[in-house]
Amino acid sequence: MNFIQILAAKADSVDPVKLNWIGKLLVKLFNAVGYVALAVILFTLIVKLITLPLDVYSRFSTKKNEFIMRRMKPQLDKLKKQYAGNPQLYQQKLSAVYKKEGYSMFGMCLPLIVSLIFFGVVFSAFRSYSKYAVAENYNHMVVAYNEVLEDSAYATLSDEELKEKAAQAAADAYYKEKADFIWVKNLWVADNPLDKAVPTAAKFESLTGIKVDATQYNAVTAKLNKESVNGYFILPILCMAFTFLSQWLMQKMQKSQTEMQTVEGQPNVGKWMNVIMPIMMGIFALSYSSAFTIYMIVSSIYATVSNLVINWIATKVYTKKMGEVKQEKVIINR
């Protein structure tokens, strides 16, 4: 193969994907760790540590409201019976009692709103980084492929042998990325038996938003197993299960408050969230990368454990405080 033929056979790299500051941090973290799954887990824990003060504030606010709710229970029971057939008036009376007793939903709602905003930012960053990772992986393969074509050491090989050698070098570059995780062969593709671990040229364009020459793409990825499925729905199922567990635990912790805030015949939003949230997370898991699904699973596990620990500490603190308040009232009454 002469120099002109080599230039014609060379594959073109694709344009790099632009990243925001979180995406750039992800690049540094993934490059430092070297294994995608572990880097995702570390990133998730870092994000959760950043939002930990909000979680603590929210949990303590919830526990404080729980103790206030216990104190208000006789009044609320009376209101529930009195306005059972008039939910609107009940809510008005309920608000008046809340204001009088110092019960506030703000402490619980604000951290939730901030967390949802943070989730959106992280989700956007993951999507961008997923595109970046798929494109960069292909570029590394292209470089390895072209280096073989240009290497004078392989000048004696036939055209077919040279292409085989170049495709093998590209495959070796692909596997160096370490983007697999136990049964999932490519973390930048969903854990789904309907998706292939190695995307087709059309799927590559769908994942990255970048157009490629299908002939070149097929030549570069020729030595990769394009028939292998990428997973078996295991991560999406785990994501739904842990989301349900986290939601169920949260509802159990707020059971007394939910019961008092709901009039008979009125829908219990908490129970519906136990169904809606797992389904939503399952759709996310099937629609986006397995890496993001791991992020959601680790987040749910962290939320479950941290809520149990923080709730236990908050219970101890407010039990002690309420005991001291009762003791002071007894002394005053005497």
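Preceding this section is the structure that the text describes.
Residues numbered from 1 in each chain as written. Predicted model: local features only at pLDDT ≥ 70, side-chain atom pairs only at ≥ 80, totals over all residues. Heavy atoms only, no water.

Participant: Kindly report on helix α3 (residues 36–50), identifying the contributing residues and their values.
Facilitator: End to end, α3 covers 21 Å across 15 residues, agreeing with the expected 21 Å (1.5 Å per residue, within 8%). Within α3, burial applies to Val36, Ala37, Ala39, Val40, Phe43, Thr44, Val47 and Lys48. (Helix = DSSP H or I, 4+ residues; strand = E, 2+ residues; numbered from the N terminus. Expected span 1.5 Å × (residues − 1). Buried < 20%, exposed > 50% of the residue type's maximum accessible area, 1.4 Å probe, protein only.)

Participant: Before we move on, can you summarise the layout of surface pockets with the specific residues and values?
Facilitator: Size it by volume and the second largest pocket reaches roughly 440 Å³. Considering the residues around the second largest pocket, the lining is formed by 27 residues, among which Ala133, Glu136, Asn137, Glu177 and Trp188 are closest to the centre. Residue contributions to the lining of the second largest pocket peak at nine residues, all from helix α6 (residues 106–150). (1 Å grid on protein atoms, 1.4 Å probe; cavity = no way out; pocket = protein on both sides within 12 Å on 5 of 7 lines; lining within 4 Å. Points joined across faces, edges and corners; volume = space filled by probe spheres on them.)

Participant: Which residues make up the environment of glycine 209, and what are the values?
Facilitator: Structurally, the position occupied by glycine 209 is in the loop between α8 (201–208) and α9 (214–220). By relative accessible area, which is 65% here, glycine 209 ends up exposed. Separated by 78 residues in the primary sequence, glycine 209 and lysine 131 have C-alpha atoms spaced 7.8 Å apart.

Participant: Could you give an account of the environment of lysine 203, naming the residues involved and the relevant values?
Facilitator: Within the fold, lysine 203 resides in helix α8. Separated by 14 residues in the primary sequence, lysine 203 and valine 189 place their C-alpha atoms 9.9 Å from one another.

Participant: Help me get a handle on unusual backbone geometry, residues and values and all.
Facilitator: Its identity is not glycine, yet lysine 178 carries a phi of approximately 55 degrees, on the positive side. Examined against the element boundaries, lysine 178 turns out to sit in the loop between α7 (159–175) and α8. On the accessibility criterion, lysine 178 (44% relative accessible area) is partly exposed. One non-glycine residue, phenylalanine 233, lies in the positive phi region at around 70 degrees. Position of phenylalanine 233 relative to the elements: it lies in the loop between α9 and α10 (234–253).

Participant: Give a description of the packing of helix α2 (residues 21–33) against α3 that names residues and reports values.
Facilitator: The interhelical angle for the contact between α2 and α3, taken along N-to-C directions, is 130 degrees, at an axis separation of 9 Å. Here α2 lies oblique to α3, going by the angle between them. Handedness of the crossing formed by α2 with α3: right-handed. On α3, the residues touching Ile22, Leu26, Leu29, Phe30 and Val33 of α2 are Leu38, Ala39, Val40, Leu42 and Phe43. Along the lines of polarity and charge, the residues of the contact of α2 with α3 split into 10 nonpolar, no polar and no charged. (Axes fitted to C-alpha atoms, helices over the stretch in contact; angles between N-to-C directions. Parallel < 35°, antiparallel > 145°, perpendicular 65-115°, else oblique. Left-handed = near helix turned anticlockwise from the far one by under 90°. Contact = heavy atoms within 4.5 Å. Nonpolar A, V, L, I, M, F, W, Y, C, P; charged D, E, K, R; others polar.)

Participant: Hey, could you go over the packing of aromatic side chains for me, with residue numbers and the actual values?
Facilitator: Under the definition given, this model contains 22 aromatic pairs. Where phenylalanine 30 meets tryptophan 188, the ring centres are 6.2 Å apart and the plane angle is 40 degrees; that geometry is what we call tilted. Placement of the pair is phenylalanine 30 in helix α2 and tryptophan 188 in the loop between α7 and α8, with a sequence separation of 158 residues. Like tryptophan 188, phenylalanine 30 is buried. Plain terms: the ring middles of phenylalanine 119 and phenylalanine 284 are 6.1 Å apart, the flat faces sit at 75 degrees to each other, and that makes the pair edge-to-face. Placement of phenylalanine 119 in helix α6 and of phenylalanine 284 in helix α12 (residues 269–287) is noted, with a sequence separation of 165 residues between them. In this structure phenylalanine 119 comes out as partly exposed when scored by relative accessible area, which is 23%. Three or more aromatic residues link up through ring pairs in this structure, and these residues are Phe43, Phe119, Phe123, Phe126, Phe284, Tyr288, Phe292 and Tyr295. (Phe/Tyr/Trp six-rings, centres within 6.5 Å; stacked < 30°, edge-to-face > 60°.)

Participant: Can you explain the pattern of salt bridges? Please cite residues and give values.
Facilitator: Side chains that differ in charge, positive against negative, can pair when their charged atoms come close. If you walk through the whole model with that rule in mind, you get three salt bridges. The partner of lysine 223 in a salt bridge is glutamate 164, with the nearest N and O atoms 2.7 Å apart. A residue pair is termed long-range when its members are at least 10 positions apart, and lysine 223 in the loop between α9 and α10 and glutamate 164 in helix α7 qualify at 59 residues. The partner of lysine 203 in a salt bridge is aspartate 195, and the shortest N-O contact between them spans 3.8 Å. Here aspartate 195 falls in the buried class, since its relative accessible area comes to 17%. (Salt bridge = Lys/Arg side-chain N within 4 Å of Asp/Glu carboxyl O.)

Participant: Hey, could you go over the side chain of serine 290 for me, with residue numbers and the actual values?
Facilitator: Relative to the helices and strands, serine 290 is located in helix α13 (residues 290–333). A polar atom in the side chain of serine 290 sits 2.6 Å from the backbone oxygen of valine 189. Once residues lying within four places of it in the same chain are set aside, the contact partners of serine 290 are Val184, Asn186, Leu187, Val189, Ala190, Asp191, Asn230 and Leu235. (Polar contact = N/O pair within 3.5 Å; in protein donor to acceptor, adjacent residues only side chain to side chain.)

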